[in-house]
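Coordinates in review
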Amino acid sequence: MRETYEFPQEFIWGASTAAHQIEGNNVASDWWAREHAECADLSEPSGDAADSYHRYGEDIRMLADAGLGMYRFSIEWARIEPAEGCFSKAQLLHYRHMIDACHENGIEPMVTLNHMTLPLWLAVKGGWLNDGAVDYFDRYVRYLMPILHDVTWVCTINEPNMVALTRGGTEGSDFVSASLPAPDLDISAALVEAHREARGILSENPRIKSGWTIACQAFHAMPGCEQEMEEYQYPREDYFTEAAAGDDFIGVQAYLRTFIGKDGPVPVPEDAERTLTGWEYFPPALGIAIRHTWNVAGHTPIIVTENGIATADDRRRIDYTFGAIAGMHDAMADGVDVRGYLHWSLLDNYEWGSFAPTFGLACWDKDTFERHPKPSLNWLGMIAKTGVMSR
């Protein structure tokens, strides 16, 4: 029996990246310092990454040529303000050129203002635990406003729940896993305040629609463990989702499911198919996350800002994505307001300690940086062009 799913003409299709993971040589950031520490706990440093700092035009054209319509990328705070109070006009113009390149290629930009990393100067002052962190972020956002004059979609902070869980990135390199530490509640509160302050600044431009993105775990309760699941889930996800209620949109980022028992997360079964990150292969996670977010965020419009799979087999990437999009479609058919789907990631990239987990719709040569689109890029682009997904 043939499966066919149709989407509205105005539905947004695209792909996402993050500055530190693809630009290369982000030397003023806390992550660069961590990568080059004497006792670094990472497999390898980011180095040149995919050299997208210089090759963003190629990447945007590649996305446009495939038929996708939105590119979500992030601005690197450590480039804009490499030392406290020292702002770079040249770097500001660099990101303005990226916005221009999107428009010149018929691509709608979604600009993320902070994606995991911090300027090293702020990190050594305590990062989000510093009493002035929110004010520093406000100052940074206000500095960016001139280049956002014709941008519609802005994400303030990427996965604040993961930032709080990892103490701002200082603990652990696996940003999404089945076993999540307790979040730092002071960081959680600071991030909510920073988000709301940033939205206030962004609202000075009535064109801008702003929100933030949540790492969604598609939590499941083991039999009799419903209360334990709720107590585990709230500070790690729902606290941040509730804070987004009434925003212009909320970004859902889903890859896997997590079972919760009496003692916390239950290990993935030995016989389960796993991805290159060690996560369970579970495409329905996206649909589950969308429905849960819709309810917790009080029916705030949703954009899927990340969804994908780390695999060396592009056929499994297509299979996984088909299942994930099917679940998204079913949620939409049930009345959930989902405005778009952005795949993670446009490029194979630096996955916070290693280049081994390949999430990209395109790969690149490590010596020449030449881009090589995978079949999955054209497959997703065809869905974007036709509004129909079938097999």
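In what follows, the accompanying structure is described. (Residues numbered from 1 in each chain as written. Predicted model: local features only at pLDDT ≥ 70, side-chain atom pairs only at ≥ 80, totals over all residues. Heavy atoms only, no water.)

**Considering the overall build of the protein chain**
The test is simple: Strands here are runs of E lasting at least two residues and helices are runs of H or I lasting at least four, both read from the DSSP assignment and numbered beginning at the N terminus. Each radius of gyration is computed over the set of C-alpha atoms, and the globule rule expresses the reference value as 2.2 Å times the number of residues to the power 0.38. Burial classes follow relative accessibility: with a 1.4 Å probe on protein chains only, a residue under 20% of its type's maximum area counts as buried, one over 50% as exposed, and anything between as partly exposed. Throughout, a residue-residue contact means that at least one pair of heavy atoms, one from each residue, lies within 4.5 Å. Lys and Arg are tallied as positive, Asp and Glu as negative. Neither His nor the chain termini are counted. Charge positions are represented by NZ for Lys, CZ for Arg, CG for Asp and CD for Glu.
Of the regular secondary structure elements, the protein chain holds 13 helices and 16 strands. Relative to a compact globule of 391 residues, whose C-alpha radius of gyration would be 21 Å, the protein chain shows 20 Å and is just as compact. The C-alpha extent of the protein chain, read off along each of the three principal axes, is 60 × 50 × 45 Å. Counting only residues that meet the buried cut, the protein chain has 61% of its 391 residues in that class. Taking contacts inside the protein chain between residues at least 6 apart in sequence as the whole, the part at least 24 apart equals 79%. In the protein chain, which carries 30 positive and 58 negative side-chain charges, the distance between the mean positions of the two groups comes to 4 Å.

**What to know about the pattern of salt bridges**
Where charged atoms from two side chains of opposite charge come close, those side chains can pair. Applied cut-off: Throughout this description, the term salt bridge denotes a Lys or Arg side-chain nitrogen within 4 Å of a carboxyl oxygen of Asp or Glu.
Under the definition given, this model contains 23 salt bridges. One salt bridge in this structure joins Lys125 and Glu84, with 3.6 Å as the shortest N-O distance. Of this pair, Lys125 sits in the loop between helix 6 (120–123) and helix 7 (133–144) while Glu84 sits in the loop between helix 4 (77–80) and helix 5 (89–104); the two residues are 41 residues apart in sequence, bridging distant segments of the chain. Overall, Lys125 belongs to the partly exposed group, its relative accessible area being 34%. Residue Glu84 is classed as partly exposed on the basis of its relative accessible area of 41%. One salt bridge connects Arg257 with Glu280, and the closest N-O pair in it is separated by 2.8 Å. On the criterion of sequence distance, the pair formed by Arg257 in the loop between strand 9 (250–254) and strand 10 (258–261) and Glu280 in the loop between strand 11 (264–265) and helix 11 (285–296) is long-range, its members being 23 residues apart.

**Some points on the pairing of strand 13 (residues 338–344)**
Heads up, the rule is: Strand pairing is assigned whenever DSSP identifies at least 2 bridges connecting the two strands. A clockwise course of the path from the first strand over the helix to the second, judged with the strands pointing away from the viewer, identifies a crossover as right-handed.
For strand 13, the tally of buried residues reaches 6 of 7 residues, placing the bulk of the element in the interior. For strand 12 (residues 302–306) and strand 13, the ladder comprises 3 bridges, and the chain directions are parallel. Residue pairing for strand 13: Ile303 is matched across the bridge by Gly340. Once you follow strand 12 into helix 12 (residues 314–333) and on to strand 13, the crossover reads as right-handed.

**A look at the environment of Tyr56**
As for its placement among the helices and strands, Tyr56 is situated in helix 3 (residues 52–66). Along the backbone, Tyr56 and Ile303 are 247 residues apart, and their C-alpha atoms lie at a distance of 23 Å.

**Focus on the environment of Thr386**
Which entries qualify depends on this criterion: Counting of polar contacts relies on pairs of N or O atoms within 3.5 Å, with two restrictions inside protein: one atom must be capable of donating a hydrogen and the other of accepting it, and residues adjacent in sequence are counted only when both atoms are side-chain atoms.
Position of Thr386 among the secondary structure elements: in helix 13 (residues 375–386). On the accessibility criterion, Thr386 (44% relative accessible area) is partly exposed. Once the C-alpha coordinates of Thr386 and Asp184 are considered, the two residues, 202 residues apart in sequence, prove to be 45 Å apart. From its side chain, Thr386 meets the backbone nitrogen of Val388 in a polar contact 3.2 Å long.

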